Amino acid sequence: MYKKIFRLIKKYPTIVIARHIGVDPDAMGSQLALKEAITLTFPEKKVYAIGNGSSKFTYIGKMDKFEEPTDKALLIVLDTPDKKRIDSADPTKYEACIKIDHHPYMETFGEVEWIDETASSASQLVIELLFNTKLEMNEHIARNLFIGLVSDTNRFSFRNSTPKTFRLVADLLEKYPLDIEKIYQEIYMRPLNEFRLQGYIAENLTITDHGVAYIKLTNDILTKFNTDAGAAGNIVNNFNYVEDYLVWLTVSEDVKNELFKVNIRSRGPVINFIAEKYNGGGHAFASGARVHTMDEVDSLIEELDGVTKKYIEDLEKRCSHEDK
Ligand code: AMP
């Protein structure tokens, strides 16, 4: 697979690198790192990293201004399982397309697809690719890959951190001794108003009968805290390790796009198949959804409560079986 990908990269003079909408540090870190690695190895190539950027992630880098090429170009899509979630690129307009992803498979859109659900992050896959091909790396590339991996594993706390993840990171740090403390500050530093919003969420969580915690953040609340619908995405991971619930979600009203953004996390029940029913998706224990009405939000919560109930019942059955 590494060779196939490297051969295509070597072949095309113009390469466009895309990733999913709703950019996050893993998508952006892996994208900009791969762009820099290709440019470093093949300075004569034109390489573009495209999609909508975010002022929150300027510490990672900037997106390129770009129009889809008319000449024969290669598209590389990172961290995106389906066509409709690709930010600003249409694979059918390219002569060749490579997908590199760690989400559960959804559909095929590239002639070369490297999907590894066991990888912690798209950044981990790019580290692996760079270590196993002639693509070159430098400290800045290593930094962006480290940022992406640390973000998607929530500082190595999710079960997607495998021995392979730790081995790759150990090798990365051995080659490029990064200032980890500085990097963690860049990733996790936030304004006081966002921290205060976290306090508000903690105070006002509602918990369903079977242990689903949720908060509905209306535009009024978000405005009061001087934040927007993107804020909860930075906060949701901080609500792990509370023994009164197994699944938790933030619902944020996004008036600009006339929808509700939902961030869902779980410490047990698989949630992505439910998120998929609500214009969403993601990983087994970390998913997102976009819905248009509060009724849909309520029915999503109800379904999550249902799978949590089933999860607890199955767990109890297994325990009583083992006791016998
Ligand atoms: P988030 O809660 O935004 O951090 O997203 C958690 C995971 O769910 C990531 O892998 C996202 O790519 C995925 N995800 C978030 N929102 C959606 C959506 N509307 N559709 C499909 N996947 C999503």
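Above this note sits the structure.
Because the structure is predicted, anything quoted here is derived from the model rather than measured.

Calculation criteria
- Residues numbered from 1 in each chain as written.
- Predicted model: local features only at pLDDT ≥ 70, side-chain atom pairs only at ≥ 80, totals over all residues.
- Heavy atoms only, no water.
- Helix = DSSP H or I, 4+ residues; strand = E, 2+ residues; numbered from the N terminus.
- Rg over C-alpha atoms; globule rule 2.2 N^0.38 Å.
- Buried < 20%, exposed > 50% of the residue type's maximum accessible area, 1.4 Å probe, protein only.
- Contact = heavy atoms within 4.5 Å.
- Areas by Shrake-Rupley, 256 points an atom, 1.4 Å probe, with all protein chains shown as cover.
- Lys, Arg positive; Asp, Glu negative; His and termini not counted.
- Charge placed at Lys NZ, Arg CZ, Asp CG, Glu CD.
- Near = heavy atom within 4 Å.
- Polar contact = N/O pair within 3.5 Å; in protein donor to acceptor, adjacent residues only side chain to side chain.
- Nonpolar A, V, L, I, M, F, W, Y, C, P; charged D, E, K, R; others polar.
- Axes fitted to C-alpha atoms, helices over the stretch in contact; angles between N-to-C directions.
- Parallel < 35°, antiparallel > 145°, perpendicular 65-115°, else oblique.
- Left-handed = near helix turned anticlockwise from the far one by under 90°.
- Pairing = 2+ DSSP bridges.

**Q** Would you take a moment to explain the overall build of the chain for this structure?
**A** Within the chain one finds eleven helices and eleven strands. Here the chain has a C-alpha radius of gyration of 20 Å; the compact-globule value for 324 residues is 20 Å, and the two agree. Along the three orthogonal principal directions, the C-alpha set of the chain runs to about 60 × 55 × 40 Å. The buried share of the chain, taken over its 324 residues, is 50%. Within the chain, contacts between residues separated by at least 24 positions form 63% of all contacts whose residues are at least 6 apart in sequence. Within the structure as shown, the chain displays about 15900 Å² of accessible surface, and the carbon and sulfur contribution to it stands at 51%. Of the charged side chains in the chain, 41 are positive and 50 negative, and the gap between their average positions amounts to 5 Å.

**Q** Which parts of the structure should I look at to understand the site of the ligand?
**A** Contacts to the ligand come from 13 residues, most closely from His 103, Asn 263, Arg 265, Gly 280 and Gly 281. Here an oxygen atom of the ligand sits 2.8 Å away from a polar atom, N or O, in the side chain of His 103. With respect to the ligand, the backbone of Gly 288 contributes an N or O atom lying 3.3 Å from an oxygen atom. Protein chains bury 83% of the 480 Å² of accessible surface belonging to the ligand in isolation. When residues of the shell around the ligand are traced back to their parent elements, those giving at least two are β9 (259-266), β10 (281-282) and β11 (286-291). A total of four residues in the shell around the ligand trace back to one element, the largest contributor, which is β11. Its residues assigned to classes, the shell around the ligand comprises one nonpolar, nine polar and three charged.

**Q** Just checking my understanding: could you explain the environment of Ile 86 for this structure?
**A** As for its placement among the helices and strands, Ile 86 is situated in the loop between β3 (74-78) and β4 (96-101). Taking the relative accessible area as the measure of exposure, Ile 86 reaches 7% and is therefore buried. Measuring from C-alpha to C-alpha, the distance between Ile 86 and Gly 51 comes to 8.5 Å, with 35 residues separating the pair along the chain.

**Q** I keep staring at the packing of helix α3 (residues 122-132) against helix α5 (residues 163-175) and nothing clicks. Help me out?
**A** The description of two packed helices rests on the angle between their axes and on the distance between the axes. Direction vectors running N to C along α3 and α5 enclose 60 degrees, while the axes themselves pass 10 Å from each other. It follows that α3 is oblique to α5 by the angle criterion. Crossing handedness for the pair α3 and α5: left-handed. Contacts between α3 and α5 involve Gln 124, Ile 127, Glu 128 and Phe 131 on the former and, on the latter, Lys 164, Thr 165, Leu 168, Asp 171, Leu 172 and Lys 175. Looking at the contact of α3 with α5 residue by residue, the class counts come to four nonpolar, two polar and four charged.

**Q** Sorry if this is basic, but what is going on with the sheet that holds strand β7 (residues 212-217) here?
**A** Read across the open sheet, the six strands follow the order β6-β7-β8-β9-β11-β10; overall the sheet is mixed. In the strand order of this sheet, the two ends are held by β6 (206-207) and β10, each with one partner. Pairing of strand β8 (residues 247-254) with β9 involves eight bridges; the strand directions are antiparallel. Of the residues in β9, the one forming a bridge with Leu 249 is Ile 264. Along the sheet, helix α7 (residues 192-204) makes contact with β6, β7 and β8, crossing β7 at roughly 125 degrees. Relative to β7, helix α11 (residues 294-323) is tilted by about 165 degrees, and along the sheet it contacts β7, β8, β9 and β11.

**Q** Looking at this model, I keep getting lost on the pairing of β7. Mind explaining?
**A** It is a general feature of regular strands that their side chains alternate between the two faces of the sheet. Taking burial as the measure, the six residues of β7 include five buried ones, the bulk of the element. Note that β6 and β7 share two bridges and pair antiparallel. Pairing of Thr 206 across the sheet is with Tyr 214, part of β7. Linking two consecutive strands that pair antiparallel, namely β6 and β7, is a turn of four residues; a positive phi of about 95 degrees is found at Gly 211 within it. Alignment of β7 against β8, held across six bridges, turns out to be parallel.

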